[in-house]
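# Structural characterization, general
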Amino acid sequence: MDFTPLKTLSLSLQTLVERKLWAKVLVGMFMGALVGLFLSSKISHFPTEYGVVISNWLSVPGKLFLKMIQMIMMPLIFVSIITGIVNSPVEELKKIGGFIIFYFFLSTIISVFIGVGTSLLINPGGMFPEDNQYARQTVKNQIYSQGDFVNLPEYMMEILPGNPLASMVSGELLSVVVFTFIIGISITQLKDQYKQPIILFSSSIQQICITVVKWAMRLVPYAVFGLMTNLVYSTGTETLKGLAIYLETVFVAFLFMVMVYSILLLISGRNPLVFFKKSKEVLLLAFSTTSSAAVMPLSIQTAQEKLKISKHISNLIIPLGTTINMDGTAIYQCVSTVFIAQVCGLNLDVSTLLFIVITITLASIGTPGIPGAGIVVLASTLEGMGIPTAALVLIVGLERILGMFRTMVNVIGDLTACVIFEKFT
Ligand code: ASP
């Protein structure tokens, strides 16, 4: 397999890390909260009409960031699933591919349940005043929550799109992922002369999307500053408490998932502490680059040389896992969706929760292993629930920090899968 584009991506991300993007984001967030507090505080006596204008103008980079990620969302999901499927070694895939996909699916479902369960228990959105600006916007859009089990069969049939282009245009993620899987698998059946142009074309589109996402990421510190100012100015200090609890919820859920991995490692006869010690370099690199695709070559090397996983297992599981096994991302997307839904006052009944579970399972599979992809795909999940993507403003400030942790969880998930398949196949 040719990893050259990933190595280039890895290098350019290292540059971003060296320029301390994450530190700039933290500074932006902190300064934004301060400016927002200053504009809204009674002590500063800042005239309201100026405050609104300033906070609106400051939120322009943030809105630009959100537009850029929305713009690139569909092509990015489409090509990353296709390239993921067509780049997997077909012979190995035929032998143990079914089991691997079943395992990845199961671990994603576990993460989704952990994510939803933790957020329902902690209720991070409960901190927000019920009558906030997002709740007012959403009521008009609340299309899904009237769903019920009676309509479920019909709804399930709708997942297979009659008109895939229409699904792409209207942002129906679920249908697009299903359609793309079918196309991806059918491409593997083609003769080489027909297959190669499509592979090349998809890889080029993927590179274009990665470039645009990289540009968007450079905007993040300014986006975070302005959005935070706007958020704190319009919603007040309760917002900060709410965000702290949201952050806590994601971390608690990540911790649960790491416990699940540790149990799986123990079952496979490995000491989890030794496993983490041997994987520490790749995990730190994943943390600082926020890209599991960028660290893929090092993940393969770690699996083979440090964890003593055979080549035929690691060469298959790591690339496939980097594409479709995103437990950290699934947890992040679940907690964020439930949090935003709670803030927007959406009725979280059983059918809505089921919708979240199904959509995020597929959404995380469709999320490519590049920085910020988790929030890009999250945008379409929210759209599917009738929540305006503008509500992402709430969590965009914490995106980078959570991106670092969820990428690390994603990579732990792939390495754990290698250990399990080494032991049991
Ligand atoms: N950055 C993550 C990864 O590479 C994907 C995400 O943004 O959730 O694994």
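Residues numbered from 1 in each chain as written. Predicted model: local features only at pLDDT ≥ 70, side-chain atom pairs only at ≥ 80, totals over all residues. Heavy atoms only, no water.

A separate point is the pattern of salt bridges. Side chains that differ in charge, positive against negative, can pair when their charged atoms come close. Within this structure, the stated rule accounts for two salt bridges. A salt bridge links Lys 306 to Glu 281; the nearest nitrogen and oxygen atoms lie 2.8 Å apart. In this pair, Lys 306 sits in helix H14 (residues 296-306) while Glu 281 sits in helix H13 (residues 280-289), placing the two residues 25 residues apart along the sequence. A residue is classified by how much of its surface remains accessible, and Lys 306, at 35% relative accessible area, is partly exposed. The exposure class of Glu 281 is partly exposed, given its relative accessible area of 41%. The closest approach of N and O atoms between Arg 406 and Glu 399, which form a salt bridge, is 3.2 Å. (Salt bridge = Lys/Arg side-chain N within 4 Å of Asp/Glu carboxyl O. Helix = DSSP H or I, 4+ residues; strand = E, 2+ residues; numbered from the N terminus. Buried < 20%, exposed > 50% of the residue type's maximum accessible area, 1.4 Å probe, protein only.)

Attention now goes to the environment of Pro 272. Tracing the backbone through its elements, the reader meets Pro 272 in helix H12 (residues 272-278). Pro 272 gets classed as buried once you look at its relative accessible area, which sits at 11%. When the C-alpha atoms of Pro 272 and Thr 416 are compared, they prove to be 9.7 Å apart, with 144 residues separating the residues in sequence. Ignoring any residue separated from it by four or fewer positions in sequence, one finds Pro 272 in contact with Ser 262, Leu 265 and Leu 266. (Contact = heavy atoms within 4.5 Å.)

If a probe the size of a water molecule is rolled over the atoms, the empty space left behind becomes visible. Enumeration according to the criterion identifies one cavity of 30 Å³ or more in this entry. Its volume calculated, the largest cavity comes out at about 90 Å³. Lining the largest cavity are 16 residues, with Thr 290, Thr 329, Ile 370, Arg 406 and Thr 407 positioned closest to its centre. For the lining of the largest cavity, the secondary-structure elements that each account for two or more residues are helix H18 (373-384) and helix H20 (399-424). With four residues, the top contributor of residues to the lining of the largest cavity is H20. Taken together, the residues of the lining of the largest cavity break down into five nonpolar, 10 polar and one charged. (1 Å grid on protein atoms, 1.4 Å probe; cavity = no way out; pocket = protein on both sides within 12 Å on 5 of 7 lines; lining within 4 Å. Points joined across faces, edges and corners; volume = space filled by probe spheres on them. Nonpolar A, V, L, I, M, F, W, Y, C, P; charged D, E, K, R; others polar.)

Looking now at the site of the ligand. Within the structure, the ligand sits among 15 residues, and Ser 292, Thr 329, Gly 374, Arg 406 and Asn 410 are positioned closest to it. Contact distances for the ligand include 2.6 Å between an oxygen atom and a side-chain N or O atom of Ser 292. Here the ligand loses 100% of its free accessible area of 270 Å² to cover by the protein chains. Elements represented by at least two residues in the shell around the ligand include exactly H18 and H20. Considering every element that reaches the shell around the ligand, the biggest residue donor is H20, with three residues. (Near = heavy atom within 4 Å. Polar contact = N/O pair within 3.5 Å; in protein donor to acceptor, adjacent residues only side chain to side chain. Areas by Shrake-Rupley, 256 points an atom, 1.4 Å probe, with all protein chains shown as cover.)

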